[in-house]
Amino acid sequence: MKKAIAASFLVVCIALAVCAAGCKGKQGTEGRAEQPADPAAAAAGEAAAPAEEKKAEAEPSAAPNPQVVISTSMGDIKLELFADKAPVTVKNFLSYADKGTYDGTIFHRVMMGFMIQGGGMEPGLKEKQTDPPIKNEARSDLSNVRGTIAMARTDVVDSATSQFFINQVDNTKLDHKDNTVFGFGYCVFGKVLEGMDVVDDIASVATTTMGPFENVPKDDVRIKSVKRVEPPPPPAS
């Protein structure tokens, strides 16, 4: 009887020892499973993070502002358009340019010591058809200084369509001051890069009055075309 009890006790001890060893092995496996299975993959993952950061740093910056050339009967005027600051206005202007709306129009109002205005009249002061008016994007950091191009409009703030003017002198009185009808100002959307001498020449032509229109050049100053040109590449870093 004592031998049977001893044998049974020995079997139970062996079983407990096997169970303990198995449980310990399982716990160890689960512990290892929380770590990356492949140390090489872990190293690759760590190396990928800086590589991705470098890739992000290497991505090109925003596209440069578009440029156009206004070809006139008195010479060319090259401009940069501020798509980054007046996107609606630039899109509107380029739409007219791309459709050829400006081709064959005239500078119908020119004033020495002020500005030259065009983009909406054909010879004989025949008004061009236009698209609907756009939102006035005038802002205080876009000033009507010499050499800037801005949208012409009526007394209604959001009434600009196709007509524009180039400031021949600083006309800061036309700048945005507040959101009232009289203080909203005229939206500057670009600047002359080349051809200010052409602007000055146009501003100096002899003018007359034709019906209700004053400061009309006696001899037409024609806009032959307004075409996009490729901006120069950014400087190498």
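Residues numbered from 1 in each chain as written. Predicted model: local features only at pLDDT ≥ 70, side-chain atom pairs only at ≥ 80, totals over all residues. Heavy atoms only, no water.

Novice: How do you make sense of helix H4 (residues 196–203) when you look at a structure like this?
Specialist: Three or four residues apart is the spacing at which side chains of an α-helix point the same way, because the helix has 3.6 residues per turn. Inspection of H4 places Met 196, Val 198, Val 199, Ile 202 and Ala 203 among the buried residues, and these make up the whole buried set. End-on, the buried residues of H4 take up no more than an arc of 155 degrees, which puts them together on one face. Turning to H4, the residues buried within the fold contact strand S1 (67–72), strand S2 (75–81), strand S3 (105–111), strand S4 (115–118), strand S8 (164–167) and strand S9 (188–194). (Buried < 20%, exposed > 50% of the residue type's maximum accessible area, 1.4 Å probe, protein only. Helix = DSSP H or I, 4+ residues; strand = E, 2+ residues; numbered from the N terminus. Arc of directions from axis to C-beta. Contact = heavy atoms within 4.5 Å.)

Novice: What should I look at first to understand the nonpolar core in this one?
Specialist: Generally speaking, a soluble globular protein has its nonpolar side chains buried in company with each other. Core analysis: the biggest nonpolar cluster contains 35 residues, and Ile 77, Phe 93, Phe 164 and Phe 189 have the highest contact counts within it. Non-local contacts of Phe 93, meaning those with residues more than four positions away in its chain, are made with Val 68, Leu 81, Tyr 102, Ile 149, Phe 164, Phe 189 and Val 226. Counting nine residues, the second-largest nonpolar core is a separate cluster that includes Phe 82, Leu 142, Ala 150 and Val 188. (Core = buried A, V, L, I, M, F, W, Y, C linked by side-chain atoms within 4.5 Å.)

Novice: Help me understand the pairing of S9 in this model?
Specialist: Sheet faces and side chains relate simply in a regular strand, where the side chains alternate between the two faces. Note that S2 and S9 share four bridges and pair antiparallel. Pairing of Leu 81 across the sheet is with Gly 190, part of S9. Judged from the three bridges that link them, strand S7 (residues 148–151) and S9 form a sheet pairing that is antiparallel. Looking across to S9, one finds that Thr 148 is bridged to Lys 191. (Pairing = 2+ DSSP bridges.)

Novice: Explain the environment of Ser 204 to me, please; I cannot follow it from the model alone.
Specialist: Mapped onto the fold, Ser 204 is located in the loop between H4 and strand S10 (207–210). According to the relative accessible area criterion, Ser 204 is partly exposed, its value standing at 44%. It is 7.9 Å that separates the C-alpha atoms of Ser 204 and Val 110, two residues lying 94 residues apart in sequence. Only 2.8 Å separates the side chain of Ser 204 from the backbone oxygen of Asp 201, close enough to count as a polar contact. (Polar contact = N/O pair within 3.5 Å; in protein donor to acceptor, adjacent residues only side chain to side chain.)

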